Amino acid sequence: MATRWRNSVTWRWVVNICRFILGATFVFSGFVKAVDPLGTSYKIQDYLTAFGLSELVPDMVPIALSVALAVLEFGVGVHLMLGIKRRATTRLALLIMIVMTPLTLYLALTNPISDCGCFGDALVLTNWQTFGKNVVLLICAIVVFITPWNMVRFLTKKMEWTLSNYSVVFAFALAVYCLATLPIIDFRPYRIGNNIREGMVIPEGAKPTVFDTRFVMEKDGVKQTFTIDNYPDSTWTFISAETVVVEKGYEPPIHDFVMEEMETGDDITDDVLDDPGYTFLLVMHRTEEANEGNIDLINELYEYSKEHEYKFYALSSSSAEAIELWRDRTGAEYPFCIMDDITLKTIVRSNPGLVLIREGMILNKWCDSQIPDEFKLTAPLEELTLGQTKEVNDLKTLGWVCVWFLVPLALIVLIDRIFNKKNNNKNNNKLIKRSMRKKIVAGNWKMNMNLQEGVALAKELNEALAADKPNCDVVICTPFIHLATVAQFLNQDVIGLGAENCADKVKGAYTGEVSAEMVKSTGAQYVILGHSERREYYKETPEILKEKVLLALANGLKVIFCIGESLAEREANQQNEVVKAELEGSVFNLSAAEFANIIIAYEPIWAIGTGKTATAEQAEEIHAYIRGCVAEKYGAEVADNTSILYGGSCKASNAPELFAKPDIDGGLIGGASLKCTDFKGIIDAWKK
Ligand code: 13P
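Residues numbered from 1 in each chain as written. Predicted model: local features only at pLDDT ≥ 70, side-chain atom pairs only at ≥ 80, totals over all residues. Heavy atoms only, no water.

Visitor: An account of the nonpolar core is requested, with residue identities and associated values reported.
Guide: Ranked by internal contacts, the top residues of the largest apolar core, which has 71 residues, are Ile-476, Phe-595, Ile-598 and Phe-659. Sorting elements by how many residues they give to this core places helix α23 (residues 616-634) first, with eight residues. Counting 29 residues, the second-largest nonpolar core is a separate cluster that includes Leu-301, Trp-326, Leu-356 and Leu-377. (Core = buried A, V, L, I, M, F, W, Y, C linked by side-chain atoms within 4.5 Å. Buried < 20%, exposed > 50% of the residue type's maximum accessible area, 1.4 Å probe, protein only. Helix = DSSP H or I, 4+ residues; strand = E, 2+ residues; numbered from the N terminus.)

Have a look at this one:
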């Protein structure tokens, strides 16, 4: 019942809708963080301060965390959107949501920071909105986690790895680029083309926020807080001041742009914003932390400003002592104004950063490594393009980001395709690796021939292969009645002999059964177990097969263990889960040494005796997956040494294409093993 429900078309739709909601949100959230890593690091810093951890954490941590978060979110988003590594990705997405949802609930309840910062400055949400969003995402994450295989894949398995790595490298490169320069898209009110004055306007009728300033004063070792109304006499010493919100009203996008001249304490905001000429603002939120690498350029720029009578102010929130130190170290002669630290960090994401304004309009911004030099400042600003408002088009930028994402990706895909073609060449590395494991063509006669017919076929094959030696291992698996007779004359150096089944009991009163020991005593070396026909018609469960495998191995038989999905399972895209479960159910309990005697035969049930073969690509994809499962369980070396055969309407005509695939090590042949020429034709595929 549950299986039917999970395979229904409606559920598949639900899963895919959820994966896109989740994926798109992660991509967006990772992208906006990668665009403004410094902004996210400030937010992380705010969190650390709110939780009293800022002192304990080294300075580099917030920025490293910010880049890591951007890469993680963008990567998981791309993986979800394209259906890459579905199981691992959905687990990771669920884990992220399991951590984030209660955390945001806590933030909503305690409100240590007013906006969570999950979408940077691109989309500011309140803490409760964020919690609501996370509840929706958590539900989506649970849905995709339940049946990840219902997520439609948009790439081949091979491409998955390429894209997986590329999405991570891309997000990392984007974050590093934006960190080294400026955010490529500016979501803040101080973006180029905005007017600071206009950003400060409170619409008519809007309720203004009421602020109050609190002063911390000290007298005789006692600290006390005062307001302007009860400001104490001069016997008290001023310690610090903070502005608090008494009543929150409408807050314009720019509400804290106040320039106070350092020396005089005069508020010159209006003078600067109304000035019809150019003004350079050198923004250094903290001079102690500002990069000194380009001080010569800055000093030259100041000279240039003086020469052309442009205004030039450095803005900082540092103390007078720290600013004096900066002047001493850098020879700075430009005037300083004091401004709020957060405002400065918001104006430009660089320390130092440069802003050019005229009548309050932001014309241009530069990070410190891109401050214009004498080669650019060849004339008065009025005559230069950099004196005009820089053209900013976010859509165009976004288009370029997509091009940067897609063009290298297309190149990688192309290289991957070419490389994979080469891989199909028999001389390639993977095949050299494959030569470590056995190439096998095994026949499964099933219940088709009487003793005489079987013996005749075995003799014919014996002669044919004596005359023309195969370059792979050949095995014939016959009904029990043929074994002892065929073993007498079969050249077992060339053709191995195996049974089609054995009992799950050691010995005793089990009428009609044939034990593994009995099979071995005929001279046979192999046994087929887990064939879909036995699973289906004789109700052999994973537990029964587990017993059979153990007994076969205990009696020195090599096991050809069959796995494969039904048509319904293939249509529900569940083949990987099915084969993995079959391996886990009956052979993954073995030790690595025991597992060395297992040959896996992947036989899609829908292809057995139907004339429908899996395409070579389909077969290769799942063979590679099976090898991956073995590698996960026993390590790469065991996986490299495990032969994985394909079975299901395999014929001389399609065998060469199938066997050319790097993870297909031969075939388990039903119908075409009943005629010597047909079978030999398949064996000869290894010679092509
Ligand atoms: P066919 O080759 O007849 O499709 O059978 C495959 C098979 O079941 C081998 O075990």
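Visitor: Lay out the packing of helix α15 (residues 451-467) against helix α16 (residues 480-489) in plain terms, naming residues and giving numbers.
Guide: Where α15 meets α16, the axes come as close as 10 Å, and the angle between the chain directions of the two elements is 30°. Compared by their axis directions, α15 and α16 come out roughly parallel. In this structure, the crossing between α15 and α16 has a hand that is right-handed. Residues Leu-451, Gly-454, Val-455, Ala-458, Lys-459 and Asn-462 of α15 pack against Ile-481, His-482, Thr-485, Val-486 and Phe-489 of α16. (Axes fitted to C-alpha atoms, helices over the stretch in contact; angles between N-to-C directions. Parallel < 35°, antiparallel > 145°, perpendicular 65-115°, else oblique. Left-handed = near helix turned anticlockwise from the far one by under 90°. Contact = heavy atoms within 4.5 Å.)

Visitor: Account for the pairing of strand β13 (residues 526-529), naming residues and giving values.
Guide: Alternating positions in β13 separate into two faces, Tyr-526 and Ile-528 on one and Val-527 and Leu-529 on the other, with burial throughout. Pairing between strand β12 (residues 495-499) and β13: two bridges, direction parallel. Bridge pairing in β13 links Gly-498 to Tyr-526. With helix α17 (residues 516-521) bridging β12 and the parallel β13, this β-α-β connection has right-handed handedness. (Pairing = 2+ DSSP bridges. Right-handed = clockwise from strand over helix to strand, strands pointing away.)

Visitor: With reference to specific residues and values, describe the packing of aromatic side chains.
Guide: If you walk through the whole model with that rule in mind, you get 23 aromatic pairs. Summarising the aromatic geometry, the rings of Phe-28 and Phe-119 are spaced 5.3 Å apart at their centres and angled 50° between planes, so their arrangement reads as tilted. Here Phe-119 lies in the loop between α5 (86-110) and α6 (127-146) and Phe-28 lies in helix α2 (residues 9-35), a separation of 91 residues in the sequence. Assessed through its relative accessible area of 5%, Phe-119 is described here as buried. Relative to Phe-257, the ring of Tyr-190 has its centre 6.2 Å away and its plane inclined at 40°; by these criteria the two rings are tilted. Pair noted here: Tyr-190 is in the loop between α7 (157-180) and α8 (196-199) and Phe-257 is in the loop between β3 (237-247) and β4 (260-261), with a separation of 67 residues, a long-range link. Taken individually, Tyr-190 and Phe-257 each receive the classification buried, so the pair is uniform in this respect. (Phe/Tyr/Trp six-rings, centres within 6.5 Å; stacked < 30°, edge-to-face > 60°.)

Visitor: Any details on a negative patch on the surface? Residues and values, ideally.
Guide: Together, Glu-260, Asp-266, Asp-267 and Asp-271 make up a region of like negative charge exposed at the surface. With respect to the element layout, Asp-266 can be found in the loop between β4 and α9 (269-274). Its relative accessible area of 41% is what places Asp-266 among the partly exposed residues. (Patch = residues over 30% accessible without salt bridge, like charges linked within 9 Å, V, L, I, M, F, W, Y side chains within 5 Å. Areas by Shrake-Rupley, 256 points an atom, 1.4 Å probe, with all protein chains shown as cover. Salt bridge = Lys/Arg side-chain N within 4 Å of Asp/Glu carboxyl O. Lys, Arg positive; Asp, Glu negative; His and termini not counted. Charge placed at Lys NZ, Arg CZ, Asp CG, Glu CD.)

Visitor: Explain the site of the ligand to me, and be specific about the residues and the numbers.
Guide: Neighbouring the ligand are Asn-444, Lys-446, His-531, Glu-603, Ala-607, Ile-608, Gly-609, Gly-648, Ser-649, Leu-668, Gly-670 and Gly-671. Within the side chain of Asn-444, one N or O atom sits 3.0 Å away from an oxygen atom of the ligand. Note that an oxygen atom of the ligand is positioned 3.0 Å from one of the backbone N or O atoms of Gly-670. For the ligand, the accessible surface in isolation is 310 Å², of which the surrounding protein chains cover 95%. Per-class residue counts for the shell around the ligand are three nonpolar, seven polar and two charged. (Near = heavy atom within 4 Å. Polar contact = N/O pair within 3.5 Å; in protein donor to acceptor, adjacent residues only side chain to side chain. Nonpolar A, V, L, I, M, F, W, Y, C, P; charged D, E, K, R; others polar.)

Visitor: Quick one: what's the story with the pattern of salt bridges, residue by residue and with numbers?
Guide: Within this structure, the stated rule accounts for 33 salt bridges. A salt bridge links Glu-565 to Arg-570; the nearest nitrogen and oxygen atoms lie 2.9 Å apart. Among the residues examined, Arg-570 registers a relative accessible area of 17% and is labelled buried. Within the structure, one salt-bridge network assembled from shared partners comprises Arg-437, Arg-627, Asp-663 and Asp-665.

Visitor: With reference to specific residues and values, describe the state of the cysteines.
Guide: If you walk through the whole model with that rule in mind, you get zero disulfides. The closest cysteine sulfur to the non-disulfide-bonded Cys-650 is located on Cys-472, 11 Å from its own sulfur. (Disulfide = S-S within 2.5 Å.)

Visitor: Mind laying out the environment of Cys-18, listing which residues take part and the relevant values?
Guide: Mapped onto the elements of the fold, Cys-18 is located in helix α2. Other than its neighbours up to four places away in sequence, Cys-18 contacts Cys-140, Val-143 and Val-144.

Visitor: Please give an account of the side chain of Thr-478 that cites residues and values.
Guide: Examined against the element boundaries, Thr-478 turns out to sit in strand β11 (residues 473-478). Note on Thr-478: relative accessible area 0%, which makes it buried.

Visitor: Please set out the confidence of the model for the protein chain residue by residue, giving values where relevant.
Guide: The share of residues in the protein chain with pLDDT of 70 or more is 95%, and the mean pLDDT across the chain is 90. Across residues 424-433 the pLDDT falls below 50, and counting only partners more than four positions away or on other chains, this stretch makes 16 contacts in the model. (pLDDT = per-residue confidence, 0-100.)

Visitor: Please set out unusual backbone geometry residue by residue, giving values where relevant.
Guide: With omega at 5°, the peptide bond leading from Asn-351 into Pro-352 counts as cis. Note that Pro-352 resides in the loop between α12 (341-347) and β8 (353-358). You will see that Lys-85, though not glycine, has its phi angle at about 45°, which is positive. Within the secondary structure, Lys-85 is located in the loop between α4 (60-82) and α5. The residue Glu-359 is not glycine, and still its phi comes out positive at about 50°. With respect to the secondary-structure elements, Glu-359 resides in the loop between β8 and β9 (361-367). Residue class for Glu-359 comes out partly exposed when judged on its relative accessible area of 48%.

Visitor: Give me the lowdown on the sheet that holds β4, citing residues and values where you can.
Guide: What the six strands build is an open sheet, ordered β4-β7-β6-β5-β8-β9; its pairing is mixed. In this open sheet, the two edge strands, each paired with only one partner strand, are β4 and β9. Note: β4 against strand β7 (residues 336-338), two bridges, orientation antiparallel. Bridge assignment links Glu-260 to a residue of β7, and that residue is Ile-338.

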